[in-house]
Amino acid sequence: MHKIPSVPVVITEIIEESPSLRTFVFSRRFPAEPGQFCMVWVPGTDEIPMAFSAQNAITVQKVGEATEALFALSPGGRDRYQRTARKRIYPPSGRTLAVAGGVGAAPPLRLLATSGAADDFILGARTADELLFPPGELSGCTNLQCATDDGTSGHHGFVTDLLRAADPSSYDTICVCGPEVMMNAVLSILCEAGCPEKGQFSLHRYMKCGVGICGSCCIDPTGLRVCRDGPVFTGDVIIDSEFGSYARDASGRRKSV
Ligand SMILES: Cc1cc2nc3c(=O)[nH]c(=O)nc-3n(C[C@H](O)[C@H](O)[C@H](O)COP(=O)(O)OP(=O)(O)OC[C@H]3O[C@@H](n4cnc5c(N)ncnc54)[C@H](O)[C@@H]3O)c2cc1C
Ligand code: FES
């Protein structure tokens, strides 16, 4: 594993993507690849995993203490640190489709699209205002199709409707990120199409150590750790696991996804 030591970064710009989602741009670029995450230490609060949405940016949804502390920052803050490691990331190969759903989904797949690795991109949200990033940015580097639950932009319905219509078996790689219930529906479609191994799923699990020691991000029953062995797993690896059913909270108790 190629580890990058903790380094301080200066925030040069903060972009408000939506009321609960901001992109933090750093002064420093990292050799981040699509799907790669870093541990962001917010002194005085916590250290949390965040995917790179660009080589010099993370895009953060405000959900709790640490993300609220990040939202309180202004450009110019110097005392934020990151440690990043090269983990199992999206390995686009051949004809590649990206499927992203929900507000927290787009960051890692945005990096995939902007690096030119996604031939086609299906982006979903509840409503048009929640479709992330300027529409022109993604459509300039991939063939973008949108779906909204309320029909305010693109297809009226779910990303899975567009996936079925796209014939998943015609792709070599399908990179997926979003709420687990959505990713599980994608995995079912890939199983029906006989190609679960083509799916590359980025899992979100509660993380503490971030280096494979504490066990808080273990996946039953294999014991694979999202921080050490992921965060991206192929569909055939997670098919008979806790994926789609439950995850663990900070205290280790199971909660349904
Ligand atoms: C590999 C990876 C990449 C991630 N990338 C991003 C990203 O690009 N942008 C982003 O906004 N978020 C991302 N997350 C989720 C992010 O790490 C959590 O939202 C964050 O840790 C919450 O910290 P908090 O202190 O603000 O909230 P807390 O007070 O810790 O929790 C608030 C709520 O969020 C839930 N939560 C906490 N951590 C996670 C988690 N890891 N997965 C799912 N739910 C969680 C809690 O159960 C609780 O309901 C990623 C998570 C992982 C594992
Ligand atoms: S966060 Fe500790 S093992 Fe993954």
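The structure reproduced in this document is the subject of the present report. All of these numbers come straight from a predicted model, not from anything done at the bench. (Residues numbered from 1 in each chain as written. Chains lettered and ligands numbered in written order. Predicted model: local features only at pLDDT ≥ 70, side-chain atom pairs only at ≥ 80, totals over all residues. Heavy atoms only, no water.)

Time to look at the nonpolar core. With 29 residues, the main nonpolar core has V99, V176, V186, F201 and L203 as its most contacted residues. With six residues, the top contributor of residues to this core is helix α5 (residues 180–192). Residues within four places of L203 in sequence aside, it is in contact with I219, V226, P231, F233, I238 and F243. Judged by nonpolar contacts, the second largest core, of 21 residues, contains A32, V42, L73 and L111. (Core = buried A, V, L, I, M, F, W, Y, C linked by side-chain atoms within 4.5 Å. Buried < 20%, exposed > 50% of the residue type's maximum accessible area, 1.4 Å probe, protein only. Helix = DSSP H or I, 4+ residues; strand = E, 2+ residues; numbered from the N terminus. Contact = heavy atoms within 4.5 Å.)

Let us now look at the site of ligand 1. Around ligand 1 sit 20 residues in total, of which P49, T59, Q61, T67 and R205 are the nearest. In this structure, A51 approaches ligand 1 through a main-chain N or O atom, which is 3.0 Å from a nitrogen atom. Between ligand 1 and G64, the relevant distance is 3.1 Å, taken from an oxygen atom to a main-chain nitrogen or oxygen of the residue. Contact with the protein chains covers 78% of the free accessible surface of ligand 1, which is 870 Å². Tallying contributions element by element places strand β5 (residues 46–54) first for the shell around ligand 1, with four residues. When grouped by side-chain class, the residues that make up the shell around ligand 1 number twelve nonpolar, five polar and three charged. (Near = heavy atom within 4 Å. Polar contact = N/O pair within 3.5 Å; in protein donor to acceptor, adjacent residues only side chain to side chain. Areas by Shrake-Rupley, 256 points an atom, 1.4 Å probe, with all protein chains shown as cover. Nonpolar A, V, L, I, M, F, W, Y, C, P; charged D, E, K, R; others polar.)

A separate point is the pattern of salt bridges. On inspection of all chains with the given rule, the structure shows eleven salt bridges. Across the salt bridge formed by D120 and R95, the nearest N and O atoms sit 3.5 Å from each other. With D120 in strand β9 (residues 120–125) and R95 in the loop between β7 (80–85) and β8 (96–101), the pair connects residues that are 25 residues apart, well separated along the chain. The buried category is assigned to D120, whose relative accessible area is 13%. We classify R95 as partly exposed; its relative accessible area is 34%. Residue R164 is joined to E192 by a salt bridge in which the shortest nitrogen-to-oxygen separation is 2.9 Å. (Salt bridge = Lys/Arg side-chain N within 4 Å of Asp/Glu carboxyl O.)

On the basis of which strands lie adjacent, the open sheet formed by seven strands has the order β11-β10-β9-β8-β12-β13-β16 and mixed pairing. Only two strands of the sheet have a single partner each, and these edge strands are β11 (155–156) and β16 (232–234). Of the pairings in the sheet, the one linking β8 to strand β12 (residues 173–177) comprises five bridges and is parallel in character. Of the residues in β12, the one forming a bridge with A100 is C177. Its contacts with the sheet put helix α4 (residues 159–166) on β8, β9, β10 (143–148) and β11, and the angle it makes with β9 is roughly 155 degrees. (Pairing = 2+ DSSP bridges. Axes fitted to C-alpha atoms, helices over the stretch in contact; angles between N-to-C directions.)

Counting buried residues in helix α2 (residues 106–114) gives eight out of nine residues, a clear majority hidden from the surface. Directly after α2, the chain includes G116, whose backbone phi takes a positive value near 80 degrees.

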